[in-house]
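Descriptive analysis of the structure
So the chains spell out like this:
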Amino acid sequence: MQSLMQKLTPSLRADRVNPELMRLINTILDASKDIAISVSQGALAGILGSTQHENVQGETQKKLDVIANQIIKDALLKNPQVRALASEEEDDVVAGSPTGAYVVAFDPLDGSSNIDINGQIGTIFTIYKARNDVPANSELQFQQQGKQQVCAGYVLYGASTLLVITTGGPTRCFTLDSKSNQFLLTVPELAIAKDTQEFAVNMANQRFWNSRFKDYISDLISGETGIRKKRFNMRWNAAMVGDVHRLLIRGGIFMYPSDSRDPKQPAKLRLLYEANPMAMLVENAGGKAFNESERILDIVPTTLHQRVPVIMGSANEVDSCLIYLR
Ligand code: AHG
Ligand code: MN
Ligand code: MN
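Residues numbered from 1 in each chain as written. Chains lettered and ligands numbered in written order. Predicted model: local features only at pLDDT ≥ 70, side-chain atom pairs only at ≥ 80, totals over all residues. Heavy atoms only, no water.

**Considering the environment of Ala 239**
Within the secondary structure, Ala 239 sits in the loop between strand E12 (233-234) and helix H5 (240-250). Owing to a relative accessible area of 2%, Ala 239 belongs among the buried residues under this scheme. Along the primary structure Ala 239 and Gly 119 are separated by 120 residues, whereas in three dimensions their C-alpha atoms are 8.8 Å apart. (Helix = DSSP H or I, 4+ residues; strand = E, 2+ residues; numbered from the N terminus. Buried < 20%, exposed > 50% of the residue type's maximum accessible area, 1.4 Å probe, protein only.)

**Things to note about the side chain of Ser 11**
In this fold, Ser 11 is placed in helix H1 (residues 8-14). Owing to a relative accessible area of 1%, Ser 11 belongs among the buried residues under this scheme. Side-chain polar atoms of Ser 11 contact the backbone oxygen of Lys 7, separated by 2.7 Å. (Polar contact = N/O pair within 3.5 Å; in protein donor to acceptor, adjacent residues only side chain to side chain.)

**Some remarks on the coordination of the manganese ion (ligand 2)**
Around a metal, the ideal angle is 109.5 degrees if four donors adopt a tetrahedral arrangement and 90 or 180 degrees if six donors adopt an octahedral arrangement. In this structure, Asp 107 (OD), Asp 110 (OD) and Glu 274 (OE) serve as the protein donors to the manganese ion (ligand 2), at separations of 1.9 to 2.1 Å. Mapping the donors of the manganese ion (ligand 2) onto the primary sequence yields the spacing D-x2-D-x163-E. Here the manganese ion (ligand 3) and the manganese ion (ligand 2) are spaced 3.7 Å from one another, each receiving a donor from Asp 107. Pair noted here: Asp 107 is in strand E5 (residues 102-110) and Glu 274 is in helix H6 (residues 271-283), with a separation of 167 residues, a long-range link. The exposure class assigned to Glu 274 is buried, which follows from its relative accessible area of 1%. (Donors = N, O, S within 2.8 Å, 3.2 Å for Na, K, Ca; no water.)

**A look at the pattern of salt bridges**
Overall, the coordinates contain 17 salt bridges when judged by the stated rule. Put simply, Asp 30 and Lys 33 hold a salt bridge, and the shortest N to O gap is 3.9 Å. One end of the pair, Asp 30, and the other, Lys 33, are both in helix H2 (residues 19-41), 3 residues apart, so they sit about a helical turn from each other. The class of Lys 33 is buried, set by a relative accessible area of 14%. The partner of Arg 250 in a salt bridge is Glu 198, and the shortest N-O contact between them spans 2.4 Å. (Salt bridge = Lys/Arg side-chain N within 4 Å of Asp/Glu carboxyl O.)

**Things to note about H5**
In an α-helix, one turn spans 3.6 residues, which is why side chains three or four residues apart end up on the same side. Of all 11 residues in H5, 8 are buried; the element is thus mostly enclosed. Of all the positions in H5, only Met 240, Val 241, Gly 242, Asp 243, Val 244, His 245, Leu 247 and Leu 248 are classed as buried. After H5 finishes, the residue Gly 251 shows a positive phi value of roughly 80°.

**A look at the site of ligand 1**
Around ligand 1, a shell composed of 18 residues is seen, among which Asp 110, Ser 112, Asn 202, Met 240 and Tyr 256 lie nearest. Within the side chain of Asp 110, one N or O atom sits 2.7 Å away from an oxygen atom of ligand 1. Between Trp 236 and ligand 1, the recorded distance is 3.0 Å, taken from a side-chain N or O atom to an oxygen atom. Contact with the protein chains hides 86% of the accessible area of ligand 1, taken as 470 Å² for the molecule alone. (Near = heavy atom within 4 Å. Areas by Shrake-Rupley, 256 points an atom, 1.4 Å probe, with all protein chains shown as cover.)

**With respect to unusual backbone geometry**
Most peptide bonds adopt trans geometry, and most residues besides glycine take a negative phi value. One non-glycine residue with positive phi stands out, namely Arg 16, at about 60°. Tracing the chain through its elements places Arg 16 in the loop between H1 and H2. Using a relative accessible area of 80% as the deciding quantity, one classes Arg 16 as exposed. For Asn 181, which is not a glycine, the phi torsion comes out positive at approximately 60°. For Asn 181, the location among the structural elements is in the loop between strand E9 (172-177) and strand E10 (182-187). Judged by relative accessible area, Asn 181 falls into the partly exposed class, the value being 41%.

**Examining empty space enclosed by the protein**
Summed over all chains, the structure comprises 1 cavity of 30 Å³ or more. Empty space within the largest cavity amounts to approximately 50 Å³. What lines the largest cavity is simply Glu 198, Phe 199, Ala 200, Arg 235, Asp 243, Arg 246, Leu 247, Gly 251, Gly 252, Ile 253 and Phe 254. Its residues assigned to classes, the lining of the largest cavity shows 5 nonpolar, 2 polar and 4 charged. (1 Å grid on protein atoms, 1.4 Å probe; cavity = no way out; pocket = protein on both sides within 12 Å on 5 of 7 lines; lining within 4 Å. Points joined across faces, edges and corners; volume = space filled by probe spheres on them. Nonpolar A, V, L, I, M, F, W, Y, C, P; charged D, E, K, R; others polar.)

**Overview of the coordination of the manganese ion (ligand 3)**
Around the manganese ion (ligand 3), the protein contributes the donor atoms Glu 88 (OE), Asp 107 (OD) and Leu 109 (O), which lie 2.1 to 2.2 Å from the metal centre. Written as a sequence motif, the donor arrangement for the manganese ion (ligand 3) is E-x18-D-x1-L.

**Here we look at the sheet that holds E9**
Across the sheet, which stays open at both edges, the 8 strands sit in the order E4-E3-E5-E6-E7-E8-E9-E10 with mixed pairing between neighbours. Edge positions in the open sheet fall to strand E4 (94-95) and E10, since each of these has one partner strand only. Helix-sheet contacts for helix H3 (residues 63-77) involve strand E3 (82-87), E4, E5 and strand E6 (121-129), and the interaxial angle to E5 is about 160°. The sheet contacts of H6 involve E3, E5, E6, strand E7 (151-157) and strand E8 (161-166), and relative to E6 the element is tilted by about 80°. (Pairing = 2+ DSSP bridges. Contact = heavy atoms within 4.5 Å. Axes fitted to C-alpha atoms, helices over the stretch in contact; angles between N-to-C directions.)

Everything listed here is a matter of coordinates, which is why it stays silent on function.
This is the structure we're talking about:
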């Protein structure tokens, strides 16, 4: 069975990925394989628990946030194709090689609250072409619209370690074969169902939502007795990678809307290394991805760690949600 499955390089060659970009993707994936080993060793590898540090987002870093960031950063800085990198766990842009053709942004460990409970966690990454008109360490390297991404992906450290990736063509899924240590193609083209009966949202934030979003969720919850005339189920992994993976496989809608919890921070998820790569993966699998009014991939970023509301998944359900928000 395994020998029939395609390895990563020939699959991406079919998507016309050039050799430099291919090597860069492999740099990220080699780092993710090291992270996967630490994740599977868990307490035995001393990766559980917190550090005493806060990152630029004001969140206390977990040990694995720091370890995963260091593994990916060290690997990327050794690759001469990397002009610059940006990470959730780095305050500023980190310059790489002045002649590198690409810049890379990543969330080294998404779903940090799941680390200590042996839940789903992952690494999210995105690659853009480097800009020659600004210095390597300039934030402007990353102020590109999501539609300019040349590659987006995540590695999900779950029951299996999976890679979900697009380089502009289809969104493909690979499974890490622990015997050969290779990612093997297991779903050549993910296709998100247009309709769904599953939604993912943190219901504990309900009182902080605007009334239009409250109405939408309340109509989902009313089920077959309400205006939607069908029963919905709620699922929440507390890790965007897990929730987005669920909807890529089963259909669904994932939402982290704006809220009034903290006026300084009206949204939670970060545009550069969470919303944009996930939006590209979702769109290339036939789904939709919006903030509350516009396509996420059209947003022109203004700051490195900028946050955005996120509504993504099954196309018809995203449309239904947006009608309420208009
Ligand atoms: P991170 O672990 O990289 O900080 O991201 C966590 C994000 C995202 O993965 C998830 O969807 C969301 O935060 C969970 O939010 P709640 O704490 O509201 O459940
Ligand atoms: Mn995250
Ligand atoms: Mn993170």
